[in-house]
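# Breakdown of the fold
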Amino acid sequence: MSLEISQGTPVEISEERALTDSRRQMVLNMGPQHPSTHGVLRVILTMEGETIVGCDPVLGYLHRGVEKLGETHRYSQFVPWTDRTDYVAAPSNNLGYILAVERLCGIEAPERATYWRMIMGELARLASHLVWLGTHALDIGALSMSLYCFRERELILDIFETFCGARLTTNMMEMGGFSRPIPDNLPGMVRDFCNIFPEKQVEYESLLSANPIWLSRTRGVGVIEPDAAISMSLTGACLRGSGINYDVRKATPYLYYDRMDFEVPLGTRGDVYDRYLVRMEEMRQSISIIEQCLDQMPTDGPLSLTESPYVIPPHDSVMKTAEDMQRHFIWVIKGFSPPKGEVYQAIEHSKGELGYYVVSDGTPIPYRVRLRTPDFVNLQSLPYMAQGAALADVVALIGTIDIVLGSVDR
Amino acid sequence: MAEEQQTGGPADSPGRRIWATGHWGPTEPEEHPAVIAVRERFPDSFVDAVNFRDEMTIRVDRPALREIVLFLRDESSLRYNFLSDLTAVDMLRLRDNPRFDVVVQLYSIPRRQRLRVKAAFNDGDPVPSMTLLYEGANWLEREAYDMFGIVFEGHPDLRRMLLPDDWDEGHPLRKDYPLRGYREYVQPGFENPAPRVRSRFRRP
Amino acid sequence: MGIEDRFEKSILTTSVDSVFNWARRSSLWWLQFGLACCAIEMISAAMPRFDISERFGMLYRASPRQADLMIVSGTVTKKMAPVVRQLYDQMAEPKWVISMGSCANIGGPFDTYAVVQGVDQVIPVDVYVPGCPPLPEALYYGVLELQNKVIRYDTIARKQSVDEAEAFREQSRAEAQAELGPRR
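The structure reproduced in this document is the subject of the present report. (Residues numbered from 1 in each chain as written. Chains lettered and ligands numbered in written order. Predicted model: local features only at pLDDT ≥ 70, side-chain atom pairs only at ≥ 80, totals over all residues. Heavy atoms only, no water.)

## Concerning the overall build of chain B
To keep things clear, this is the line we draw: Helix and strand labels come from DSSP, where a helix needs a run of H or I of at least four residues and a strand needs a run of E of at least two; each type is numbered from the N terminus. Each residue gets one of three labels from its accessible area relative to the maximum for its type: buried under 20%, exposed over 50%, partly exposed in between, using a 1.4 Å probe on protein chains only. Should any heavy atoms of two residues lie within 4.5 Å, those residues are considered in contact. A 1.4 Å probe and the Shrake-Rupley method give the accessible areas. Residues count as covered only by the protein chains that appear here.
Check the secondary structure of chain B and you find three helices and seven strands. In chain B, the succession of α and β elements from N to C terminus is α-β-β-α-β-β-β-β-α-β. Within chain B, the proportion of its 204 residues that are buried is 53%. Contacts in chain B between residues at least 24 apart in sequence constitute 51% of all its contacts with a sequence separation of at least 6. For chain B, the exposed area adds up to about 9400 Å²; of that, 46% sits on carbon and sulfur atoms.

## Focus: the sheet that holds strand S6 (residues 341-349) of chain A
Residue and element names in this part refer to chain A. Note the cut-off: Paired strands, in this sense, are two strands between which DSSP finds at least two bridges. To get an axis, fit a line to the C-alpha atoms, keeping to the stretch in contact for a helix; angles then go from 0 to 180 degrees between the N-to-C directions.
The antiparallel open sheet is built from three strands, whose spatial order is S6-S7-S8. Each end of this open sheet is capped by a strand with a single partner; those strands are S6 and strand S8 (368-372). For this sheet, the mean inter-axis angle between neighbouring strands, taken without regard to orientation, is 10°. The pairing of strand S7 (residues 352-360) with S8 spans five bridges and is antiparallel. Considered in S8, the bridge of Gly-355 is made with Arg-372.

## Looking at the pattern of salt bridges
Residues and elements named next belong to chain A. For clarity, the cut-off: The term salt bridge refers to a pairing of a side-chain nitrogen on Lys or Arg with a carboxyl oxygen on Asp or Glu at a separation within 4 Å.
A complete count under the given rule lists 50 salt bridges over all chains for this structure. The salt bridge partner of Arg-368 is Glu-71, with a shortest N-O separation of 4.0 Å. Here Glu-71 lies in helix H2 (residues 66-72) and Arg-368 lies in strand S8, a separation of 297 residues in the sequence. The pair formed by Arg-368 and Glu-71 is uniform in burial state, with each residue classed as buried.

## Focus on empty space enclosed by the protein
For clarity, the cut-off: We place a 1 Å grid over just the protein atoms. Points where a 1.4 Å probe fits but has no way out form a cavity, open points with protein on both sides within 12 Å along at least 5 of 7 lines form a pocket, and any residue with an atom within 4 Å of a point lines it. Grid points are joined across faces, edges and corners, and a volume is the space filled by probe spheres set on the points. Gly is put with the polar residues, along with every residue not named as nonpolar or charged; the nonpolar set is Ala, Val, Leu, Ile, Met, Phe, Trp, Tyr, Cys and Pro, and the charged set is Asp, Glu, Lys and Arg.
By the definition in use, this model includes nine cavities of 30 Å³ or more. One number sums up the size of the largest cavity: a volume of about 540 Å³. As for the largest cavity, its lining consists of 34 residues, of which Pro-35, His-38, Gly-39 and Thr-135 of chain A together with Ile-43 of chain C are closest to the centre. Elements represented by at least two residues in the lining of the largest cavity include exactly helix H5 (111-140) and helix H6 (143-164) of chain A together with helix H2 (37-46) of chain C. For the lining of the largest cavity, the element with the most residues is H5 of chain A, which contributes six residues. Class assignment for the residues of the lining of the largest cavity results in 22 nonpolar, nine polar and three charged.

## With respect to the pairing of strand S2 (residues 42-48) of chain A
If a strand is regular, its side chains alternate between the two faces of the sheet. All names here are of chain A. Of the two faces of S2, the one holding Val-43, Leu-45 and Met-47 is buried and the one holding Arg-42, Ile-44, Thr-46 and Glu-48 is not buried anywhere. One ladder, built from five bridges, connects strand S1 (residues 26-30) with S2; its direction is antiparallel. Each bridged residue has a counterpart across the sheet, and for Met-30 the counterpart in S2 is Val-43. Here seven bridges tie S2 to strand S3 (residues 51-58), and the two strands are oriented antiparallel to one another. Among the inter-strand pairings, Leu-45 is bridged to a residue of S3, identified as Cys-55.

## Concerning the side chain of Ser-308 of chain A
What counts here: Polar contacts, as counted here, are pairs of nitrogen or oxygen atoms within 3.5 Å of one another; within protein the pair requires one atom able to donate a hydrogen and one able to accept it, and residues that are adjacent in sequence qualify only if both atoms are side-chain atoms.
When you line up the elements, Ser-308 of chain A lands in the loop between helix H12 (272-296) and helix H13 (315-320). A polar atom in the side chain of Ser-308 of chain A sits 3.2 Å from the backbone nitrogen of Tyr-310 of chain A.

## Considerations on the sheet that holds strand S5 (residues 113-121) of chain B
All names here are of chain B. Judged by pairing direction, the sheet is mixed, and its five strands sit side by side in the order S1-S2-S5-S4-S3 without closing on themselves. Because the sheet does not close on itself, it has two edges, and the strands there are strand S1 (46-52) and strand S3 (82-90). Adjacent strand axes in the sheet meet at a mean angle of 20°, parallel and antiparallel pairs treated alike. Here S1 runs beside strand S2 (residues 55-60); their pairing, made up of six bridges, is antiparallel. The residue of S2 that forms the bridge with Asp-48 is Arg-59.

Encoded structure:
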């Protein structure tokens with residue numbers, strides 16, 4: 001803990017005077033190795049006693065140059081890197097990028113694949129919210145929540161593992177659909193999860209929602225006014241907790257979200273507790289969306305486009321026909337060239353609006369790939385919320401924004 | 001720029017397309033209310049409007065960028081009150097002059113429509129900052145400064161965002177910056193960087 | 001410091017060492033320190049299904065002063081490298097390092113301007129666990145390998161001198177450099 005004087009040159013001061021002078025400010029460094037910063041975030045706090053008067057987040061400890069990698073690799077090669085930006089909800093990142101490139105090329109996936117994309121996106125949202133709930137509650141003091149949340153998260157990861165073989169960085173989506181067939185037992189696994197999860201969620205809420213410690217740590221803490229939330233470009237639960245109705249799934253529907261019947265939960269006070277309630281309700285709506293998808297989905301049908309030049313030909317026909325073998329060769333060696341243009345595709349990620357801005361110059365390599373990640377923008381509200389808060393609230397505020405540093409720093 | 005290409009896939013068939021559900025307003029630039037309003041109000045600064053995949057892009061002159069975005073935000077019939085994204089593109093390989101494009105993605109929460117505003121400028125030209133209109137532009141502009149070296153005029157706190165404060169190798173997202181950077185990481189106590197395993201593929 | 005490096009190898013010293021090493025191996029406390037994606041798998045490994053804490057006596061500590069083991073889980077960037085080094089220096093001897101995942105091993109898929117190509121350029125590494133990210137089971141295997149290494153550690157008996165180890169490291173590095181040639 002270092003003691004600095006905010007104004008003027010340093011002078012010799014006695015310890016007694018430093019303690020009594022209330023205007024004396026102290027600079028406190030938090031992170032990048034701190035258990036409650038969810039990774040490698042560093043926050044420089046200026047304190048007056050126990051009250052925060054200044055807060056300066058320092059980012060970039062996990063800046064890996066993902067956007068630069070996108071400019072130097074072919075369209076289909078970039079998909080694995082999108083997994084590694086927001087690694088707790090990898091399928092959502094795949095989805096955003098793939099939708100952007102499909103829009104650039106002017107193709108769309110078959111109906112069955114689209115429904116499965118929605119299911120995977122919602123499962124990713126649930127997995128991400130479970131990580132958020134576990135770590136957020138752990139920071140505030142409810143250690144057992146993390147054990148329960150990670151227990152249910154393993155069920156989702158089992159579904160991902162059954163589908164594509166990877167637990168965390170799934171790389172499951174491809175241009176024009178999915179590259180892998182859906183295993184026969186997968187719908188059953190998803191159904192089982194939808195039956196199990198609501199009971200578990202009741203368990204979480206019975207532990208937290210009326211818990212006096214939880215209420216006193218979250219109620220009235222980190223209030224964001226609605227106007228400030230819009231002005232700071234917040235999205236996701238940070239915006240909806242303040243009562244602004246903006247959910248990309250409802251506002252500008254992508255996939256088949258316009259066919260789904262679901263509610264957008266809104267908060268009223270805009271504090272940490274409201275954002276907690278909003279996310280808990282979102283998990284319930286996600287389960288409902290998954291069940292609707294399973295009901296509406298055609299049980300049989302193609303999972304990927306076959307004729308389009310932007311899509312890798314299916315394995316069977318590559319082995320049988322010369323045309324497809326040539327197409328496959330060209331697709332793998334040279335890639336595909338979308339028309340010249342630029343698209344911005346936004347999806348509702350578990351943390352807010354995830355936007356991919358892709359510029360094409362007509363070559364197989366994207367000219368520019370821009371990731372508008374929700375938590376990078378949402379983290380801007382930390383200095384706003386921390387102003388005047390107590391030091392102990394900072395961990396609650398960092399938790400409520402729901403950041404993943406891979407996505408913040410890219 | 002927006003040149004359609006034969007796809008041969010189901011996109012050519014009539015019917016509903018996922019990516020074309022009217023989130024960007026009318027597809028014809030002549031019919032789009034934002035285009036009409038901006039052209040009427042700022043005839044000198046309006047360059048052109050492009051539609052690609054139903055996405056409307058308005059190109060304007062750099063000095064008037066802030067006034068135009070302010071107009072789009074406050075005009076009662078447009079109300080683009082939400083800044084989705086602010087970024088830049090280095091156009092070095094596509095055209096000679098001017099070098100950069102600053103890209104502002106706007107969204108209207110009440111009208112549920114998106115719009116993109118672009119302004120072109122050369123290296124070193126100051127770009128009007130959006131922080132006075134949207135607080136959210138603060139970090140986005142800092143990031144653009146960090147990655148491209150674009151100076152935003154009127155930004156309260158323009159310093160490095162993601163790279164270290166003492167980074168002296170330039171701005172990595174510029175097209176003339178190599179992917180691996182100019183310098184290797186040198187282990188403390190050593191003079192030369194450690195040998196690295198060579199990749200089979202040659203990367204740009 | 002202490003009684004290290006004072007006694008030659010003998011029956012007494014090696015017997016005392018084996019008791020020490022058994023205790024160390026059975027209670028490797030690790031530094032709670034996550035960098036990137038692998039950190040999520042590391043947390044999963046500590047959570048109910050995999051439960052690395054109870055099975056191996058591994059407790060995570062938030063302070064480097066109380067930790068024996070550092071699991072470098074994720075990409076080490078050039079900005080983060082001095083911090084990793086500082087944390088390593090703050091840990092008390094004896095200390096071990098597991099490099100978890102491709103990023104920490106060789107830089108992984110991030111061959112870019114901002115990433116250190118392998119954490120072994122910053123701190124010495126005992127065990128490398130491959131994978132992107134490694135499954136919790138793979139981390140188990142790494143921990144078991146490390147335990148095999150810990151059991152051979154000499155505390156009381158005289159260790160190989162630091163200069164000797166450093167010379168060996170530089171020599172092997174020069175050999176590797178000669179074999180690979182200069183960087184393109």
